[in-house]
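Each chain, letter by letter, is given below.
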Amino acid sequence: MKHPKKIKLGISIGDLNGIGSEIVLKTFDDSRMLEFCTPVIFASTKIISFLKKKYKLGINFQGIDNAEEVIDGKINIVNVWKESVTINFGEEDLKVGEYAFKSLEAATEALKNDKIDALVTAPINKHTIQSEKFNFPGHTDYLAKELQGESLMLMITDDLKVGLLTDHVALKDIAEVITPELIKKKIRIIQQTLKQDFRIRKPKIAVLGINPHSGDNGVIGKEDEEVLKPTLNEFREKGELVYGPFSADSFFGSKNYKNFDAVIASYHDQGLIPFKTLSFGRGVNFTAGLSKVRTSPDHGTAFEIAGTNSANISSFKEAVFKAIEISSCRNEYIELTENPLKRQSKKI
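Trainee: Could you clarify how one ought to interpret the sheet that holds strand S1 (residues 7–12) in this entry?
Mentor: With mixed pairing, the twelve strands of this open sheet are ordered in space as S3-S4-S2-S1-S5-S12-S11-S6-S7-S10-S8-S9. Only two strands of the sheet have a single partner each, and these edge strands are strand S3 (62–64) and strand S9 (242–246). In this sheet, neighbouring strand axes are inclined to one another by 25 degrees on average, regardless of whether the strands run parallel or antiparallel. Relative to strand S7 (residues 161–164), strand S6 (residues 152–156) runs antiparallel, the two being bridged by three bridges. Paired with Leu154 across the two strands is Gly163, which belongs to S7. Across the sheet, helix H9 (residues 268–279) is in contact with S6, S7, strand S8 (205–208), strand S10 (262–265) and strand S11 (284–288); its angle to S7 comes to roughly 160 degrees.

Trainee: So what exactly am I meant to see when it comes to the nonpolar core here?
Mentor: Within the largest apolar cluster, 68 residues are counted, with the highest numbers of intra-cluster contacts made by Leu16, Phe28, Ile41, Ile47 and Val320. Here the element with the most residues in this core is helix H6 (residues 180–198); it accounts for seven residues. Leaving out residues up to four positions away in the same chain, Val320 has contacts with Leu9, Phe28, Met33, Cys37 and Val120. Ranked by size, the runner-up nonpolar core spans 23 residues in total, among them Ala67, Val70, Leu143 and Ala144.

Trainee: Looking at this structure, how should I read the packing of aromatic side chains?
Mentor: Geometry of an aromatic ring pair is reported as the spacing of the ring centres plus the angle between the planes. Applying the stated criterion across every chain, the model contains 14 aromatic pairs. Here the aromatic rings of Phe252 and Tyr257 are separated by 5.9 Å at their centres, their planes lie at 35 degrees, and the arrangement is tilted. Across the pair, exposure class does not vary: Phe252 and Tyr257 are buried alike. Of the aromatic side chains, those joined through ring pairs into one cluster are Tyr243, Phe246, Phe251, Phe252, Tyr257 and Phe260. Stacked on the ring of Phe260, the Lys or Arg Lys204 has its end atom at 5.2 Å from the ring centre.

Trainee: I would appreciate a short explanation of the packing of H6 against helix H10 (residues 314–337) in the present structure.
Mentor: When two helices pack together, their arrangement is given by the angle between the helix axes and the distance between those axes. Two elements in contact, H6 and H10, have axes separated by 6 Å at closest approach and are oriented at 95 degrees. Considered as vectors, H6 and H10 are oriented roughly perpendicular to each other. Facing Gln192, Lys195, Gln196, Asp197 and Phe198 of H6, the residues of H10 in contact are Ile326, Cys329, Arg330 and Tyr333. Residues that form the contact of H6 with H10 fall into these classes: four nonpolar, two polar and three charged.

Rules of the game
- Residue positions within a chain follow its written sequence, with the count starting from 1.
- The predicted nature of this model means local features are confined to residues of pLDDT at least 70 and side-chain atom pairs, given and counted, to a pLDDT of 80 or more, with totals for whole chains, interfaces and linings taken over all residues.
- No hydrogens and no water enter the side-chain calculation; it runs on all heavy atoms of the structure.
- Strand pairing is assigned whenever DSSP identifies at least 2 bridges connecting the two strands.
- We count a stretch as a helix when DSSP gives it H or I for four or more residues in a row; a strand needs E for two or more, and each element gets its number in order from the N terminus.
- Note on method: axes are straight lines fitted to C-alpha atoms, helices fitted across the in-contact stretch only, with angles between N-to-C directions ranging 0 to 180 degrees.
- Working rule for contacts: check all heavy atoms of both residues, and any pair within 4.5 Å makes them a contact.
- For this analysis, a nonpolar core means a set of buried residues of the types Ala, Val, Leu, Ile, Met, Phe, Trp, Tyr and Cys, connected via side-chain atoms within 4.5 Å.
- A 1.4 Å probe rolled over the protein chains alone gives each residue an accessible area, and that area as a share of the maximum for its type sets the label: buried under 20%, exposed over 50%, partly exposed in between.
- Aromatic pairs are defined between Phe, Tyr and Trp rings, using the six-membered ring for Trp, whenever the two ring centres lie within 6.5 Å; interplanar angles under 30 degrees are classed as stacked, those over 60 as edge-to-face, and all others as tilted.
- Placement of a positive charge over a ring is assigned whenever Lys NZ or Arg CZ falls within 6 Å of the ring centre and within 35 degrees of the normal to the ring plane.
- Angular relationships are summarised with four words: roughly parallel below 35 degrees, roughly antiparallel beyond 145, roughly perpendicular across 65 to 115, and oblique for the angles in between.
- Throughout this entry, Asp, Glu, Lys and Arg are counted as charged residues, while Ala, Val, Leu, Ile, Met, Phe, Trp, Tyr, Cys and Pro are counted as nonpolar. The remaining residues, Gly among them, count as polar.

In structure tokens, the structure reads:
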């Protein structure tokens, strides 16, 4: 298999009081990573120099003022701010949250304007980042607005992909939020992303029930019988490989997930608890349904170990590789499905 084209990979630095900066810098302290991508980190050379010294790293980087000045084959630091930032590892700090947003905002603008090819986001603190400009439950909703797409949180490893009908929704609201329209929209998103981003021509998808035992034929709630089952039947009547609802309690333990290309859970913990149990440290959060590629590690800021030089970089490193792989797959898909007349005109 040929190596994917080296891409310009944008990285938002996340909450500086967490482990984000540590895992970013340690990942690219390995110079071999530059064989796969050109990293573009949105922060400041001052803060990166401080962190390099703290973690005793040999990383070399190039400071630039905007993403248009990216130097291929170098670690580029876009100076989003020039002033010093006080870091208190492990503490929630609204001021530090402002810098997390500044980094994300600048990286997103560069992504929208094709100055970078894909984005990997380091973990934010969802409380301290809140402001007039960022009033969202997390990265996914913010990027959906900025990139004008219908997003779906898709947790991925090489052999397991778990999407969500609802992500950051309170448990008491789940049943009301899940409608036939929402189910159809999310299934369509995951079908498309499996085709264009993972080279799966005819995706086979499992959907987990809303209630325990998928409602036990209406004994434990009516939502599975009245909302979920009829909607899934519509897909099967069209010959599409969409199955369920499956009882969530035994689905993963029985390894039934291995029979499908992806699994759609009804709500956050129903999907993410088994996913992280099976793959913690290797999992990646991919935002499907957007016009651009964005990934992130499958963990948060880990304030409890921040600044101790003990963070595990494996999930962030995997997020980098998945962003590269997905970008390559998507570019290939676009080329293959492009209007043949347009392809012909390019050759002429």
